Amino acid sequence: MLPTSHDVARLAGVSQATVSRALREHHGVARATRDRVREAARSLGYVPSSTARALSTRRTGRIAVVCSGLDDPFHAALVAPLHDALSDRGLQTVLVTDTDEHPVTIDDLLDGACDGVVLTTCSTTSPLPAALAARAVPCVIADRAVEDEGTDSCVVDDRAGAASVADLLVELGHRRIGVIAGPDTISTGRDRLTGFLDQLGRHGITVATRGIHTGPFTAETGRRGLVALLAAGPSMPTAVFCGNDVIALGALEAAAQYGVAVPGDLVVIGFGGLPIARWERVGLTTMDVDLAAMAREVTEMLVERLDGVTVPARTVKVPARLAARRTHESARPQRADCDEDRAAPPEPEQGLRRWMTATSELARAVNSATPTTTVLALIARRACDLIGFDFCAVMLANAGEECLSVAGFHGLDANYVGLVSDEQALQIRPESSDQDSPAARAFRERRTVAVTDTRSAAVYGRLRDLAPAQGYRSLVAAPLRDASGSVSGLIVGYLQEPHVFSAEELDLTELLGEQIMVVLETDRLRRAQERTIAELSAVNTQMSEARRQLDWAEEQHERLMQLVLDGAGLEGLTDALAEILDAAITVQNADGDVLAQSGGRAPIAPSAGAEPDATGDAAWTVPVLVTGETVGRLWISRMSSRPDPLQRRAIERFALVVGVEIFRRRHLEEVRQRFTRDVLSELLRPSGPVHVQSVLEHAASLGVELDEPHLLVLICRPRSGPAPGLLQDCRKALATVERCLVGQYDGDVVAVLPAELDVGRTLEPLLTRLGRTAPPHAPVVVLAPEAESPTDYAGAYRIARGVARLRLATNSVVPFVDARRLGVAALLLGEDLPSPRLAQFAEGLLAPLERAGAVRQGELVATLRAWLEHGCSAATTADALTVHPNTVTYRLNRLEKLLGLDLRSFENRLNLQLALTVVDVSGQVDAGRTSAHPGVGVGEQRGYPPRVVDER
């Protein structure tokens, strides 16, 4: 079994609580007691349980140390003593890395895993200290200062340390001093730079802006900063103060790379005291910081905050002390401008500096996008300065390598340059030696050619004219070679006197030729980069414009989708697109019906594409697709120009939205049709509805109140004839009628309309549309008697069906019958009697009237109708027909003889009334007399005169 704290307490002779306090380094336990407890724990092999301790003390014993990563030498040097100091106080270290790519946030430090935080990477404006204080998380800042003064911190006395460096350099005699500082967003970078410059100012020394370089605390900052300082040429600094040791190491590396001796040519001083600074090969003079002391101060302040000590926030400063090493051992700077009586520097050093100055000047000229001719002229001038030429020219070959021309020069007369640049002056491959020149030969043979005296160089015929024109007696021409050995031109140096060129002069000329090639290649690459940047910029502009267009299109799409969600409907969507495009918009469904229009009526063309309308305008059409199915078509017209890509995208997005809306409408219509079918099926069943309340509720959901009076209209087609789209035609014809049902029942179309409507005006569009169907396939429209309650619809439907069957059985061409006027006959028609037998009954009863002749027959039938309708009164009938009562009596007697019936019999009168009704219902007329409107005569059958069925 593992030992426990109770075992340790028994062995040490103390309480268990004392064991706990002693092992946690609690300040309330005497040293002798603490040592005795530790010894007992070691002998028993006891290890405190961090989990148990956390549960009992509500502490984890862990401290989060935020640093930039252990690859940073300074933070690696700081974390080690921090770890030791925290460990001595019984606390564990948890490293939290804070980088530019993954910066630490307050949420990273508030997960409850740590009791406190040590911040080592804060900028001056970091919000972390205040955020931690607001959440009562103990926190101490190490080696940083922030604007928020409410947090404990331990910092280096950076200003005093930097001032000490300034004093040292002034004491050594340095006046041209450079600075490579850390970032001014961090207190260490800011304070060290400020302290150094302020102290130099007290000595009367000012550092120019170009002598100050800032950047992150990295070796790369040191390298870049020193290269920039070296570019100053003769005015380069003799001493450099670096913001920390890491920057100083980068500066030392750059000095070694560019051949600058430290400390012979340059003194370098750092700040921080990293262990690597003490290495013999480095020997960096620096301001040493006691990081162990800083770690102890940070730990003590943090432990006090953990123990609940409440005192104002404190800032402890750790001093920095000079650690003198190799990089400043040169007691005095070797610069002529530092002491006027000092001897001139050795000639090799002066030559090196002149070459470095020239190289820096050329680099700046190329990098500043100076024109090539200007850069080459600068090279020619520097060649005269460095090698001693009286004149110098840089010549380049043309694209075909046929001749040379001057691209840059120094000291040459303009007339001479014009003479040399003539295409015939310096031919690379002349036909004879009289036309040859040293420059052409050097280019051909890819080697340096020197002429000691132009007057004795008979092999170069061109020199006889060219040398006297400029006044030179000797020259050297060195080819400009690239890395592959190809030659693109020459550098030619001229002297006014005969001269034997030394090997050193030839080497320097060839070396300068290599530098020229570097410049030319750099210039070529720079120009190529500029072209690439320009092209990328153009592409970026195009992409930005495309992005803007896409954003605009997305904006419009979201606007349209929001209209859909807001229930604006197709009308609202169409208005929005018309506003966006400033055009006329028309939306059709798949059947060609116009669903919505805006901005004026758009011309509807029979096919896709741009189709001109009557005014010469063009209409563009876009199919509306949903899951690959064409559900409609969109027409756009009256645009000032052809739609651009942005507008086309908006149109395509609109088509998608319209497709959604059409699909939604179609789905709603399908639901409505299904509900309508269910309502009609229940309402028209022969025995009447079983669940009356359910039918009423379903109908109400469709906007129809069936407990109010309604009219039933039956549209019945011949069973043998085709009726494609009959239901759709009826729905379209009655689309404007509110609170109506239109659906199918038993193969026919049934419409239920509010009883208060004007039936003639309401049914006119329906009869007009159905009248386009030629007989014998034309459907019959029957208006059934009014239904006042749900139980009346079955009877009304039977009457309408009976009338329709009778009309269809006789192939009548009149499409409309108003069954409300049929009276008792309607009840008989509502029974399931065979339609042919009714027709035979009427024909058999009235057939004897044919013997009276057509004219007489008409008079007799008209008299019989009027007599039956006026209560079988001869006098009233005579008034109605405008004849003498005796005439009526005569005609009635004639009818009794022809029909063989006693008209006084009620049964006979009823049979005659039924027969005439059947004749009216199934009557026929000539095709030319057919009318599709209610109230028009229904026709004649076997010569019987027509009668108005609907006398409204």
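Parameters and conventions
- Residues numbered from 1 in each chain as written.
- Predicted model: local features only at pLDDT ≥ 70, side-chain atom pairs only at ≥ 80, totals over all residues.
- Heavy atoms only, no water.
- UniProt positions renumbered as here; feature names shortened; annotations may be inferred.
- Pairing = 2+ DSSP bridges.
- Helix = DSSP H or I, 4+ residues; strand = E, 2+ residues; numbered from the N terminus.
- Axes fitted to C-alpha atoms, helices over the stretch in contact; angles between N-to-C directions.
- Parallel < 35°, antiparallel > 145°, perpendicular 65-115°, else oblique.
- Left-handed = near helix turned anticlockwise from the far one by under 90°.
- Contact = heavy atoms within 4.5 Å.
- Nonpolar A, V, L, I, M, F, W, Y, C, P; charged D, E, K, R; others polar.
- Buried < 20%, exposed > 50% of the residue type's maximum accessible area, 1.4 Å probe, protein only.
- Core = buried A, V, L, I, M, F, W, Y, C linked by side-chain atoms within 4.5 Å.
- 1 Å grid on protein atoms, 1.4 Å probe; cavity = no way out; pocket = protein on both sides within 12 Å on 5 of 7 lines; lining within 4 Å.
- Points joined across faces, edges and corners; volume = space filled by probe spheres on them.
- Phe/Tyr/Trp six-rings, centres within 6.5 Å; stacked < 30°, edge-to-face > 60°.
- Salt bridge = Lys/Arg side-chain N within 4 Å of Asp/Glu carboxyl O.
- Right-handed = clockwise from strand over helix to strand, strands pointing away.
- Expected span 1.5 Å × (residues − 1).
- Arc of directions from axis to C-beta.

If you check an unreviewed UniProt entry, the protein appears there as Substrate-binding domain-containing protein from Actinomycetospora endophytica. Heading Sequence similarities (unreviewed entry) of the UniProt record for the protein holds this comment: "Belongs to the CdaR family."

> What am I meant to see in the sheet that holds strand 26 (residues 780–783) here?
Whether parallel or antiparallel, the strands of a sheet pair through hydrogen bonds between backbone atoms. Taking strand neighbours across the sheet as the criterion, the five strands line up as 24-25-23-26-27 in an open arrangement whose pairing is mixed. Each end of this open sheet is capped by a strand with a single partner; those strands are strand 24 (741–745) and strand 27 (816–818). Neighbouring strand axes in the sheet, compared pairwise and without regard to direction, differ in orientation by 20° on average. In this structure, strand 23 (residues 710–716) lies alongside strand 25 (residues 748–754), joined through six bridges in antiparallel fashion. Within strand 25, the position partnered with leucine 712 by the bridge is valine 752.

> Looking at this structure, I do not really get the packing of helix 9 (residues 219–230) against helix 10 (residues 245–257). What am I missing?
The axes of two packed helices give the description: the angle between them and the distance between them. Closest axis-to-axis distance for the helix 9/helix 10 pair is 6 Å, and the angle between their directions is 45°. One finds that helix 9 runs oblique with respect to helix 10. In terms of crossing hand, the pair formed by helix 9 and helix 10 is right-handed. Taken together, the residues of helix 10 that come into contact with helix 9 (itself represented by Ala219, Thr221, Gly222, Arg223, Leu226 and Val227) are Val246, Ile247, Gly250, Ala251, Glu253, Ala254 and Ala255. Classifying every residue of the contact of helix 9 with helix 10 by side-chain character gives eight nonpolar, three polar and two charged.

> Even after reading the chapter, I still don't get helix 15 (residues 438–445), so can you show me in this structure?
In an α-helix, one turn spans 3.6 residues; hence positions three or four apart end up facing the same way. Along helix 15, the residues that are buried comprise Pro438, Ala439, Ala440, Ala442 and Phe443. Two residues or fewer past helix 15, arginine 446 is found with a positive phi of approximately 55°.

> What is the right way to read the nonpolar core from this model?
Counting 48 residues, the largest nonpolar core has Val118, Leu169, Phe196, Leu200, Met294 and Val298 as its most contacted members. With eight residues, helix 11 (residues 291–306) is the largest single contributor of residues to this core. Setting aside chain neighbours within four positions, we find leucine 169 in contact with His174, Ile177, Phe196, Ala239, Val267 and Ile269. Among the nonpolar cores identified, the runner-up in size contains 30 residues, and Val750, Val752, Ala787 and Val803 belong to it.

> Looking at this model, I keep getting lost on empty space enclosed by the protein. Mind explaining?
Remark: the empty space left among the atoms is shown by a probe the size of a water molecule rolled over them. Applying the stated rule across the entire model yields six cavities of 30 Å³ or more. Empty space within the largest cavity amounts to approximately 90 Å³. Taken together, 14 residues line the largest cavity, and the ones lying closest to its centre are Leu426, Ala439, Tyr472, Leu475 and Tyr494. Taken together, the elements giving at least two residues each to the lining of the largest cavity come down to helix 14 (414–420), helix 15, helix 16 (463–470), strand 16 (474–481) and strand 17 (487–495). Here the lining of the largest cavity is built from residues that sort into 13 nonpolar, one polar and no charged.

> I tried to follow the packing of aromatic side chains on my own but got confused; where do I start?
Each aromatic ring pair is characterised by the separation of its centres together with the angle its planes make. This structure, assessed with the given rule, holds five aromatic pairs. On the basis of an interplanar angle of 85° and a centroid distance of 6.5 Å, the ring pair of tyrosine 416 and tyrosine 494 is categorised as edge-to-face. Note that tyrosine 416 is positioned in helix 14 and tyrosine 494 in strand 17, a separation of 78 residues in sequence. When its relative accessible area of 2% is taken as the criterion, tyrosine 494 is described as buried. Look at tyrosine 745 and tyrosine 797: their rings are 5.2 Å apart centre to centre, the planes differ by 85°, and that puts the pair in the edge-to-face class. Of this pair, tyrosine 745 sits in strand 24 while tyrosine 797 is found in helix 23 (residues 793–809), placing the two residues 52 residues apart along the sequence.

> Explain the layout of surface pockets to me, please; I cannot follow it from the model alone.
A volume near 1000 Å³ is recorded for the largest pocket. Within the residue set of the lining of the largest pocket, elements represented by two or more residues are helix 19 (645–683), helix 21 (726–733) and strand 24. Residue composition of the lining of the largest pocket, by class: twelve nonpolar, four polar and twelve charged. Counted as a void, the second largest pocket has a volume near 820 Å³. Along its surface, the second largest pocket is lined by 33 residues, and Ser68, Asp72, His75, Asp98 and Ile186 are the ones closest to its centre. Of all the secondary structure elements, the ones that give two or more residues to the lining of the second largest pocket are helix 5 (73–88), helix 8 (187–202) and strand 9 (267–272). The greatest single-element share of the lining of the second largest pocket, amounting to three residues, is contributed by helix 5.

> Is there a simple way to explain the sheet that holds strand 7 (residues 212–214) in this structure?
Overall, mixed pairing links the six strands, which are arranged 7-6-8-9-10-12 in an open sheet. Only two strands of the sheet have a single neighbouring strand rather than two, namely strand 7 and strand 12 (320–323). The mean angle between the axes of side-by-side strands here comes to 15°, regardless of whether they run parallel or antiparallel. With three bridges joining them, strand 6 (residues 177–181) and strand 7 adopt parallel strand pairing. Its bridge partner being in strand 7, alanine 181 is matched across the sheet by threonine 214. Those strands touched by helix 7 (residues 158–171) are strand 6, strand 8 (239–242), strand 9, strand 10 (285–289) and strand 12, and its axis lies near 165° from that of strand 9. Sheet strands in contact with helix 10 are strand 6, strand 8, strand 9 and strand 10, and its direction is about 155° off that of strand 9.

> Any chance you could explain the pattern of salt bridges here in plain terms?
As a working rule, side chains carrying opposite charge can pair if their charged atoms are close by. Here the structure, examined in full by the defined rule, presents 29 salt bridges. A salt bridge links arginine 314 to glutamate 304; its shortest N-O distance comes to 2.7 Å. Within this pair, whereas arginine 314 is found in the loop between helix 11 and strand 11 (315–318), its partner glutamate 304 is found in helix 11, the two being separated by ten residues in sequence. On the accessibility criterion, arginine 314 (24% relative accessible area) is partly exposed. Note that aspartate 902 is salt-bridged to arginine 904, the shortest N-O span being 3.2 Å. Overlapping salt bridges bring together Asp152, Glu304, Arg305 and Arg314 as one network.

> I keep staring at the pairing of strand 4 (residues 139–142) and nothing clicks. Help me out?
The two faces of strand 4 match: Cys139 and Ile141 on one face and Val140 and Ala142 on the other face are all buried. Two elements, strand 3 (residues 116–119) and strand 4, share three bridges in a ladder whose sense is parallel. Bridge pairing links leucine 119 to isoleucine 141 in strand 4. Once you follow strand 3 into helix 6 (residues 128–134) and on to strand 4, the crossover reads as right-handed. Two strands pair when backbone bridges link them, and strand 4 and strand 5 (residues 152–156) are joined in this way by three bridges, in the parallel orientation. Note on strand 5: the bridge partner recorded for alanine 142 is cysteine 154.

> Hey, could you run me through the environment of cysteine 67 in this one?
By secondary structure assignment, the location of cysteine 67 is in strand 1 (residues 62–67). As for cysteine 67 and threonine 120, which are separated by 53 residues in sequence, their C-alpha atoms are 5.5 Å apart. Excluding residues that lie within four positions of it along the chain, cysteine 67 makes contacts with His75, Val79, Leu95, Val96, Thr97, Asp98, Thr120 and Thr121.

> Where do I start with helix 22 (residues 759–770) in this structure?
The end-to-end C-alpha distance of helix 22, which contains twelve residues, comes to 16 Å, matching closely the 16 Å that a straight helix rising 1.5 Å per residue would cover. Looking at helix 22, one finds that the buried residues are Val759, Gly760, Thr762, Leu763, Leu766, Leu767 and Leu770. Looking straight down helix 22, one finds that the buried residues subtend no more than 150° of arc, so they occupy a single side. In the core, the buried residues of helix 22 are packed alongside strand 23, helix 21, strand 25, strand 26 and strand 27.

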